[in-house]
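Structure at a glance
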Amino acid sequence: MDSAAASKSKPPVDPVIARKVDDQMTRLLYRSATFGLYSNFALAVLLVLVSGPHFPPLLNRLWLGASLVVSVARLVLQFAFLRRPPAPADLPRWRTYFFIGLAAAGLLWGVAAWFYFDTTEFLPRLLLIMIIAGMTAGAARTLAPVVSSFWLYIVCTFAPAIAHFSTLPDAGSSSLVIITILYAAFLLHTAHQHQSSLRDLFRLTFEHEELVTTLSRAKERAEAASQAKGNFLATMSHEIRTPMNGIMGMLQLLQGTPLNADQKAQVEIASSSAGALMRLLNDILDFSKIESGKLEFENVPFDLPGTVAETVALLRPRAEEKSLALNLQLAPNLPASVLGDAGRLKQVLLNLTGNAIKFTASGRVTLSASVVTGDDTSVLVRFSVRDTGIGMDAATQDKLFQAFTQADSSMSRRFGGTGLGLAISQRLVQHMSGRITVTSTPGEGSEFGFELPFALTDAPVAAATATPAAAARALHGRLLVVEDDPVNQRVIQLLLERLGLESVVINNGADAVAAVSREPWDAVLMDCQMPGMDGFEATRQIRRKLPANQLPIIALTANAMASDRAACLAAGMNDFLSKPVHREELRACLEKWLPLRVPPTQ
């Protein structure tokens, strides 16, 4: 009852896998039979040597000769199968060949059981019974892969023996018949059990292989989809940043011209909208990189207090617009230099503090950093952003860090945003071995906090820029601008002109290589994606002519991924700027590579 229920509960086997199992059973039948073929003839020789003197010589010669012929034929068949394994479609034919040879061998031993048992001598009878019992017991394992072959062998071997036993006049011959039948039944049961175990083993093996293949294909499809997604985002980022460079660049230039009050307000609104669009684009790219596991983190020395202070300095104008107090609280024992990713930390702090300012109508926002624990090698720092804003209930807090989610549908209408910022910040903090937590009361404000471990270092670091630069001195130099987009050509030229720099525009890489060979330049601003020769190949050719310390080449490209920066540096470029470029970013970069113009002595 239990076995029947268990067999009914087994799931149906895939026909393809069932066919593979049958094919494997046939192959195993041939592989397992080699030893049995040799022992079969050896036992035949032993039987004739021991029992031969008691029987006619002609019977011995005929039976032994027939055994030799059958054994040799089966060995030839065996070697042919193992030397060149047949295709699955040919296996049924080879199984038939095996059955024919097996039936011949079994009938020969059935004949031996009929004739060689017909003696009054004890030793020949005992030897015959032991040989047949031993061979059939061994065959129960070797022939189990195809049980029908064992049935054939048992019938061909035992049927003549049972028939002969039943005609013997000796007392107890009927018991011998019963014992033989019971022994045959036991062997058949053993063979069936062994075959069932083999079939389950091969079925599980093939199902596992099928599963591995399916998972491998699914993994390949997922990787291809991820790659396509990454390529799409990289392409869209490039295509969006190119016109955005023109929009934001022209707005920067327009802000530097005399404007009346209305014009100034309009330009500020346009600049704010363009900045919001760029932040959205950056958020989407960051989220995509996080989801695909391609976000990269640095582990370099940086100024921890300066990085936190820079966050406040950058956001203070926004807080002042809303008449909010933006406070900074740094613990006295905060280490000055630690190892980590200052850019990612600042990104999180800007997001949390910016959100606090956004959702606070009046009062104050406080950013603090304090040491939780520390020793001579590492420190655990807690960062906290508190505000006196609108606050949140428990249900809202539960879904805060889900992508594209805000407190309710009216939030995006009242305050704007996509809900990506907190999701990205949480993932960034988790990558840095922390977790953002929040406590909040509706109408009373919120506090966002997280703890991050940092390794201490004595390596010198450049202090973060906490305040805007003072009055900048003018640069001087003659720059080659390699850019194929007409709008961006004009934007870059005007930005360089405002910085007091002379520039010449070329729209392809081949002409850039020729221009560098023809005349001297103080620096090159190189776009990467151009028709014909791109910026990477142009840079490689220039580097074969001029070393890196002789001519600075700065990538100015709409490709903003970390891998793009690495590719630019690998091609031989000295620095990297992504579009849309801000005037101060451009100036800061050029200050590293161009000499400053010394003001004339009064």
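So, here's what we can say about the structure. (Residues numbered from 1 in each chain as written. Predicted model: local features only at pLDDT ≥ 70, side-chain atom pairs only at ≥ 80, totals over all residues. Heavy atoms only, no water.)

1. Quick look at the side chain of serine 440
Here serine 440 shows up in strand S6 (residues 437–441). Of note is the side chain of serine 440, whose polar atom sits 3.1 Å from the backbone oxygen of glycine 445. Looking at serine 440, its side chain comes within polar contact range of the side chain of serine 446, at 2.7 Å. In this structure, serine 440 is in contact with Gly391, Met392, Gln397, Gly445 and Ser446, ignoring residues within four places of it in sequence. (Helix = DSSP H or I, 4+ residues; strand = E, 2+ residues; numbered from the N terminus. Polar contact = N/O pair within 3.5 Å; in protein donor to acceptor, adjacent residues only side chain to side chain. Contact = heavy atoms within 4.5 Å.)

2. With respect to the pairing of strand S8 (residues 478–482)
Across the 5 residues that make up S8, a large majority, 4, are buried. As judged from the 5 bridges shared by S8 and strand S9 (residues 502–506), these two strands associate in the parallel manner. Paired with arginine 478 across the two strands is glutamate 502, which belongs to S9. Where S8 and strand S10 (residues 523–526) come together, 4 bridges link them in parallel fashion. Residue pairing for S10: valine 482 is matched across the bridge by methionine 526. (Buried < 20%, exposed > 50% of the residue type's maximum accessible area, 1.4 Å probe, protein only. Pairing = 2+ DSSP bridges.)

3. Overview of empty space enclosed by the protein
Evaluation of the coordinates by the stated rule reveals 2 cavities of 30 Å³ or more. Taken as a whole, the largest cavity encloses approximately 40 Å³ of empty space. Broken down by element, the residue count for the lining of the largest cavity peaks at 3 residues, all from helix H4 (residues 57–83). Per-class residue counts for the lining of the largest cavity are 4 nonpolar, 2 polar and 1 charged. Volume-wise, the second largest cavity comes out at about 30 Å³. Forming the walls of the second largest cavity are Asn40, Ser67, Val70, Ser71, Ala105, Leu108 and Trp109. Secondary-structure elements contributing two or more residues to the lining of the second largest cavity are H4 and helix H5 (91–115). Of the residues contributing to the lining of the second largest cavity, the split by class is 4 nonpolar, 3 polar and no charged. (1 Å grid on protein atoms, 1.4 Å probe; cavity = no way out; pocket = protein on both sides within 12 Å on 5 of 7 lines; lining within 4 Å. Points joined across faces, edges and corners; volume = space filled by probe spheres on them. Nonpolar A, V, L, I, M, F, W, Y, C, P; charged D, E, K, R; others polar.)

4. Overview of the layout of surface pockets
Taken as a whole, the second largest pocket spans an internal volume of roughly 340 Å³. If you go around the second largest pocket, you meet 19 residues; those closest to its centre are Gly36, Ser39, Met135, Ala139 and Thr142. Where the lining of the second largest pocket is concerned, the elements lending two or more residues are helix H3 (34–51), H5 and helix H6 (122–142). Partitioned by chemical class, the residues of the lining of the second largest pocket number 10 nonpolar, 7 polar and 2 charged.

5. Regarding unusual backbone geometry
The omega angle of the peptide bond from lysine 579 to proline 580 is -5 degrees, so this bond is cis rather than trans. Along the chain, proline 580 falls in the loop between strand S12 (575–578) and helix H19 (583–593). Here serine 433, not a glycine, exhibits a phi torsion of approximately 70 degrees, which is positive.

6. As for the pairing of strand S5 (residues 378–387)
By the bridge criterion, 9 bridges tie strand S4 (residues 364–374) to S5 in an arrangement that is antiparallel. By the bridge assignment, valine 365 is partnered in S5 with aspartate 387. Taken together, the 9 bridges between S5 and strand S7 (residues 445–456) define a ladder with antiparallel strand orientation. Among the inter-strand pairings, arginine 382 is bridged to a residue of S7, identified as glutamate 451.

7. Here's the deal with the nonpolar core
Judged by nonpolar contacts, the single largest core of 51 residues is most densely connected at Leu47, Trp63, Trp109, Tyr116, Leu143 and Phe150. Every element with two or more residues in this core is listed here: helix H2 (15–32), H3, H4, H5, H6, helix H7 (147–167) and helix H8 (173–255). The element contributing the most residues to this core is H5, with 9 residues. Setting aside anything within four residues of it in sequence, one finds leucine 47 in contact with Gly52, Trp63, Trp109, Ala112, Tyr116, Leu127, Leu128 and Ile131. (Core = buried A, V, L, I, M, F, W, Y, C linked by side-chain atoms within 4.5 Å.)

8. What about the packing of aromatic side chains?
Taken as a whole and assessed by the stated rule, the structure comprises 13 aromatic pairs. Seen in terms of ring centroids, tyrosine 30 and phenylalanine 98 are 5.2 Å apart; in terms of plane orientation they differ by 65 degrees. Their pairing is edge-to-face. Placement of tyrosine 30 in helix H2 and of phenylalanine 98 in helix H5 is noted, with a sequence separation of 68 residues between them. The same class applies to tyrosine 30 as to phenylalanine 98, namely buried. Residues tryptophan 63 and tryptophan 109 carry aromatic rings whose centres are separated by 5.2 Å and whose planes lie at 80 degrees to one another, so their mutual orientation is edge-to-face. With tryptophan 63 in helix H4 and tryptophan 109 in helix H5, this residue pair connects regions lying 46 residues apart in the sequence. Taken as a pair, tryptophan 63 and tryptophan 109 share a single burial class, namely buried. Each member of the aromatic cluster is reached from another via a ring pair, and the members are Tyr30, Phe81, Trp94, Tyr97 and Phe98. Just above the ring of phenylalanine 117 sits the side chain of arginine 125; from NZ or CZ to the centre is 4.5 Å. (Phe/Tyr/Trp six-rings, centres within 6.5 Å; stacked < 30°, edge-to-face > 60°. Lys NZ or Arg CZ within 6 Å of the ring centre and 35° of its normal.)

9. Let's talk about the packing of H6 against H7
Following both chains from N to C, one finds H6 and H7 inclined at 170 degrees, their axes separated by 10 Å at the closest point. With respect to H7, the axis of H6 lies roughly antiparallel. Across the interface between the two elements, Ile132, Met135, Thr136, Ala139 and Ala140 from H6 touch Phe150, Tyr153, Ile154, Thr157 and Phe158 from H7. Looking at the contact of H6 with H7 residue by residue, the class counts come to 8 nonpolar, 2 polar and no charged. (Axes fitted to C-alpha atoms, helices over the stretch in contact; angles between N-to-C directions. Parallel < 35°, antiparallel > 145°, perpendicular 65-115°, else oblique.)

10. A word on the pattern of salt bridges
Scanning the model with the defined rule gives 15 salt bridges in all. Put simply, aspartate 90 and arginine 93 hold a salt bridge, and the shortest N to O gap is 3.7 Å. The class of aspartate 90 is partly exposed, set by a relative accessible area of 30%. The partly exposed category is assigned to arginine 93, whose relative accessible area is 40%. Where arginine 540 meets glutamate 537, a salt bridge forms, and the shortest distance between an N and an O atom there is 3.4 Å. Here arginine 540 and its partner glutamate 537 are both found in helix H17 (residues 535–545), 3 residues apart, which amounts to about one turn of the helix. Given a relative accessible area of 37%, arginine 540 falls into the partly exposed group. A single network of salt bridges, built from pairs that share partners, joins Arg478, Glu502, Arg518 and Glu519. (Salt bridge = Lys/Arg side-chain N within 4 Å of Asp/Glu carboxyl O.)

Bear in mind that shape data such as this cannot, by itself, settle questions of function.
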